[in-house]
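The primary structure of each chain is shown beneath.
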Amino acid sequence: MKAVISSTGLWTPENSISNEELVESFNAYVDKWNAENAEAIEAGELDALTYSNAEFIEKASGVKSRYVISKDPILDPEIMAPRIPARPNEEPSILAEIAAKAAQQALDAVGRSAEDVGAVIVACSNLQRGYPAIAVEVQSILGTSGFAFDMNVACSSATFGLETARGLIFGGQAKSVLVVNPEICTAHLNFKDRDAHFIFGDVATALLVESDDMAPTEHWEIIGSKLVTQFSNNIRNNFGFLNTAAPEDDGLHGARGRKGLTDKLFVQNGRSVFKEVVPLVAKMITHECEVNGIDPHDLKRMWLHQANLNMNVLIAKKVLGKDVEIEQAPVVLDEYANTSSAGSIIAFHKHSDDFEAGETGLICSFGAGYSAGAIFVRKVA
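Residues numbered from 1 in each chain as written. Predicted model: local features only at pLDDT ≥ 70, side-chain atom pairs only at ≥ 80, totals over all residues. Heavy atoms only, no water.

Attention shifts here to helix α11 (residues 343–350). With respect to burial, α11 is a largely interior element, 6 of its 8 residues being buried. Those residues of α11 that sit buried are Gly-343, Ser-344, Ile-345, Ile-346, Ala-347 and Phe-348. (Buried < 20%, exposed > 50% of the residue type's maximum accessible area, 1.4 Å probe, protein only. Helix = DSSP H or I, 4+ residues; strand = E, 2+ residues; numbered from the N terminus.)

Here it is as structure tokens:
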């Protein structure tokens, strides 16, 4: 059996934060912190914090705004973090709730019943808990059959989940699989870190992957794929259940040892990531085009991971050997910011309606791990 993509779903939070709003909040925090630590700064014991800048953020990353689940607390200089109230076990968890909304949209797009789905994969960067699996909770909310499980390959979770779903279908474990990517990225972001406070947003996406003998007439054939990982500490988050087993680790690993800037949140060496990931991904795409007999210039569109505009431009240029029009590598990070594994799926969801039968495209992820995934698809109608 061949696995195809039958539909997609996208859930977007109601609230958005512009660069200007984010910078105003951050700079108010800077003034407050510098005033509180004026003596230590004067004595040379601490470095004064410096302002952020909305124009620089856009130039450096391409990000103009981001959707968030919890807006006001992030913008409060006294908090500068999302606030998502804990829920009793009898209520749906927030991650399962937004995952189910994106998944239901994917089902509705092709008139599919939840009972027709034989497996649910929740693939994302940050899982709310260890167990029970968020995917099993989504299965319960939707009423799907079969089985469900969680997986995490950071920013490549969606492409790795898509390839996993393809394997489940090929192996006869299921004929219809939901791959869902709920990403509450703002909860692992240090909004007091000038170098990173603008990077992430929140969202949930879904892919309905099915056997071609039950797929709708209009679908996406998966014609090739490649998954790659390479260990690196350049993007890391050390939060986990073992933290409580190491009380000697006080978490003071942030810039200049300030509390709140810890390695238990997102940290990265951005320059090294750019330098190392761009050639890794460009080489992977070029090689897999050759393996699958695809001329890169025949790719109508590349739906690339939405982390940094400059990175995407350079990858596309390396693959095609020329400057690329925005239509060939569409951008959604200007509106959504980096949404980890969901970014390339948002781009695919929003910028694929103009494909004609027989035209090909590439869904591509890359990020922490390092991890990278390339899924080549062809429109069938």
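Further remarks concern the pairing of strand β1 (residues 3–11). Buried residues dominate β1, accounting for 9 of its 9 residues. Relative to strand β7 (residues 202–211), β1 runs antiparallel, the two sharing 8 bridges. Residue Ile-5 lies in a different strand from β7, and its bridge partner there is Val-209. Inspection of the sheet shows β1 paired to strand β8 (residues 219–229) by 2 bridges, in the antiparallel sense. Paired with Ile-5 across the bridge in β8 is Trp-220. (Pairing = 2+ DSSP bridges.)

The next point concerns the nonpolar core. Buried together is how nonpolar side chains tend to be arranged in soluble globular proteins. If you look at the biggest cluster of nonpolar residues, it comprises 53 residues, and the most contacted ones within it are Val-281, Ile-285 and Phe-366. Looking at this core, the element that brings in the most residues is helix α8 (residues 270–291), giving 8 residues. Non-local contacts of Ile-285, meaning those with residues more than four positions away in its chain, are made with Ile-315, Val-319, Leu-362, Cys-364 and Phe-376. Core analysis: the next-biggest nonpolar cluster, separate from the first, contains 35 residues, Ala-119, Phe-160, Phe-355 and Val-377 among them. (Core = buried A, V, L, I, M, F, W, Y, C linked by side-chain atoms within 4.5 Å. Contact = heavy atoms within 4.5 Å.)

In this section: the confidence of the model for the protein chain. Residues of the protein chain with pLDDT of at least 70 account for 97%, and the chain-wide mean is 94. Low pLDDT, under 50, characterises residues 252–260; the predicted model gives this stretch 17 contacts beyond four residues in sequence or across chains. (pLDDT = per-residue confidence, 0-100.)

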